[in-house]
Amino acid sequence: MEKQTIAINTPYPHKDAYGALSMPVYHCCAYEFETASEMADAFSGKVLEPDYSRTMNPTVTHFEDRVKALTGATNVVAFNSGMAAISNTLIATLAAGRNIVTSRHLFGNTFSLICTTLARYGVEARLVDLTDVEAVAAAIDKNTAALFLEIITNPQMEVADLQALSALTRQHHIPLIADTTLIPFTEFSAKDLGVDIELVASTKYISGGATSLGGLVIGYGTFPEIEKRLKWELLFNLGAYMTPHAAYMQTLGLETLSVRYAQQAWNAKTLAEQLTLLPEIRRVNYPALKSSPYYELAQQQFGETGGAMITIDLESQEACFRFLERLSLVHRATNLFDNRTLAIHPYSTIFGAFTPEEKAAMDVLPTTIRLSVGLESPIDILNDIKQALA
Ligand SMILES: *Cc1c(COP(=O)(O)O)cnc(C)c1O
């Protein structure tokens with residue numbers, strides 16, 4: 001079956017008492033058992049039935065099952081935010097005395113998680129240029145626990161060469177953990193490109209228009225000990241499981257994901273092409289533009305779409321602020337892949353807690369504006385941008 005069909009028709013594990021067509025929201029904490037032995041079997045994991053909603057809930061399980069059916073994963077665990085999915089996965093993977101090889105080009109909170117929070121527990125961060133495969137190879141040693149990357153970095157728009165990097169991680173028997181939030185898993189197969197554990201901030205495309213926070217850990221069975229630790233240790237001990245209400249909304253979001261994405265990616269490409277014609281814009285960064293240094297790689301890995309995030313560079317920070325303040329249709333807000341178009345100045349907001357030196361090392365520039373392109377008419381978005389630049 002095609003993905004669009006699977007996204008809508010994944011069967012429920014139990015028939016609903018009323019034949020409900022969409023998965024009911026099981027807003028309960030605990031579940032009653034007929035017998036003591038059934039209760040013991042559920043607690044020991046011998047049978048997969050929920051006993052307490054911190055670790056299992058029918059609504060969340062159904063959402064996880066749909067993601068499993070769409071990706072071909074062996075295990076999917078849903079968390080209450082993208083950061084919860086990332087932090088739980090890294091905690092399941094790392095230990096004191098081990099190191100993680102990654103890049104300076106990371107989502108700000110992920111960078112801080114690795115370089116501040118996990119560093120406090122004795123994990124070493126090895127920051128390398130992931131476009132230089134030899135440098136990555138040189139950073140890996142016997143204490144390396146994983147290679148972590150984002151498939152397209154934000155706001156730098158660097159595209160990772162997943163096949164080259166996964167060849168390296170296979171050689172060293174370490175997991176390749178990839179944050180794939182920027183391109184939905186309905187568009188490409190991270191598994192086929194060698195990713196062992198895929199992480200998604202489902203807050204973004206999947207939630208269906210910024211309805212709820214969520215995160216997904218999608219395991220492909222190559223590092224079963226990490227998947228097992230996440231599900232049978234960390235859900236219990238860290239308590240960051242997705243809530244049933246969020247799972248309900250995100251299940252609905254999955255049903256419309258491919259149609260929304262197709263339109264948003266088309267809008268983004270159309271807009272990116274038009275923006276290159278405006279003299280006030282010094283540079284337009286978008287992987288599906290032929291002028292992007294990552295054009296070929298992005299086409300080969302993700303197909304012809306390049307996501308719905310664009311960054312543009314203006315002449316100064318003042319020009320960026322002036323531009324943002326003059327926007328009237330496009331919203332001044334963080335977040336990605338809302339149904340509406342959003343604009344932000346990452347340097348002074350998302351990366352505001354970093355020093356100018358740190359930001360320079362991360363290639364986060366004071367001249368960059370990030371646009372998350374929505375579902376409006378691209379003509380209206382372009383007109384608003386043009387008037388704000390004038
Ligand atoms: C938004 C985002 C996250 C964090 O997700 P939250 O749901 O906000 O915690 C992580 N990685 C990337 C690439 C993101 O865009």
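Look up: the structure comes first, before these words.
Predicted model, so just to flag it, every value in this text is computed and none were measured. (Residues numbered from 1 in each chain as written. Predicted model: local features only at pLDDT ≥ 70, side-chain atom pairs only at ≥ 80, totals over all residues. Heavy atoms only, no water.)

Engineer: Account for helix 8 (residues 224-238), with residues named and values stated.
Structural biologist: A rise of 1.5 Å per residue sets the reference length of helix 8, with its 15 residues, at 21 Å; its end C-alpha atoms lie 19 Å apart and thus fit the reference within 8%. For helix 8, the principal kink sits at Leu230 and spans about 35 degrees. For helix 8, the full list of buried residues reads Ile226, Glu227, Leu230, Lys231, Leu234 and Leu235. In the stretch just after helix 8, Gly239 is the one whose phi turns positive, near 65 degrees. (Helix = DSSP H or I, 4+ residues; strand = E, 2+ residues; numbered from the N terminus. Expected span 1.5 Å × (residues − 1). Bend = angle between axes of the 7 residues up to and from the residue. Buried < 20%, exposed > 50% of the residue type's maximum accessible area, 1.4 Å probe, protein only.)

Engineer: So what's going on with the environment of Ala308? Which residues, and what values?
Structural biologist: As for its position among the elements, Ala308 is in the loop between helix 10 (295-302) and strand 9 (309-313). According to the relative accessible area criterion, Ala308 is buried, its value standing at 0%. For Ala308 and Lys269, which are 39 residues apart along the polypeptide, the C-alpha to C-alpha distance reads 7.8 Å. With residues up to four places along the chain from it excluded, the contact list for Ala308 reads Tyr205, Gln264, Ala268, Phe337, Leu371, Ser372 and Val373. (Contact = heavy atoms within 4.5 Å.)

Engineer: Outline the pattern of salt bridges, listing residues and values.
Structural biologist: All chains considered together, the criterion is met by 7 salt bridges. Across the pair Lys46 and Asp41 runs a salt bridge whose closest N-O atoms are separated by 3.9 Å. In this structure Asp41 comes out as partly exposed when scored by relative accessible area, which is 22%. A cluster of three or more residues bridged by salt bridges with shared partners is formed by Glu124, Arg126 and Asp141. (Salt bridge = Lys/Arg side-chain N within 4 Å of Asp/Glu carboxyl O.)

Engineer: How would you explain the nonpolar core if you had to name every residue and give the values?
Structural biologist: If you look at the biggest cluster of nonpolar residues, it comprises 118 residues, and the most contacted ones within it are Leu90, Leu216, Leu275, Ile310 and Ile312. Element by element, the count of residues in this core is highest for helix 9 (residues 244-275), at 10 residues. Of the residues that make up this core, three or more belong to each of domain 1 (3-251) and domain 2 (258-389). When near neighbours in sequence (up to four residues on either side) are disregarded, Leu216 contacts Phe63, Val67, Val76, Val77, Ala78, Ala85, Phe185, Glu198, Leu199, Val200, Ser202 and Ile206. (Core = buried A, V, L, I, M, F, W, Y, C linked by side-chain atoms within 4.5 Å. Domains from an automatic or database assignment.)

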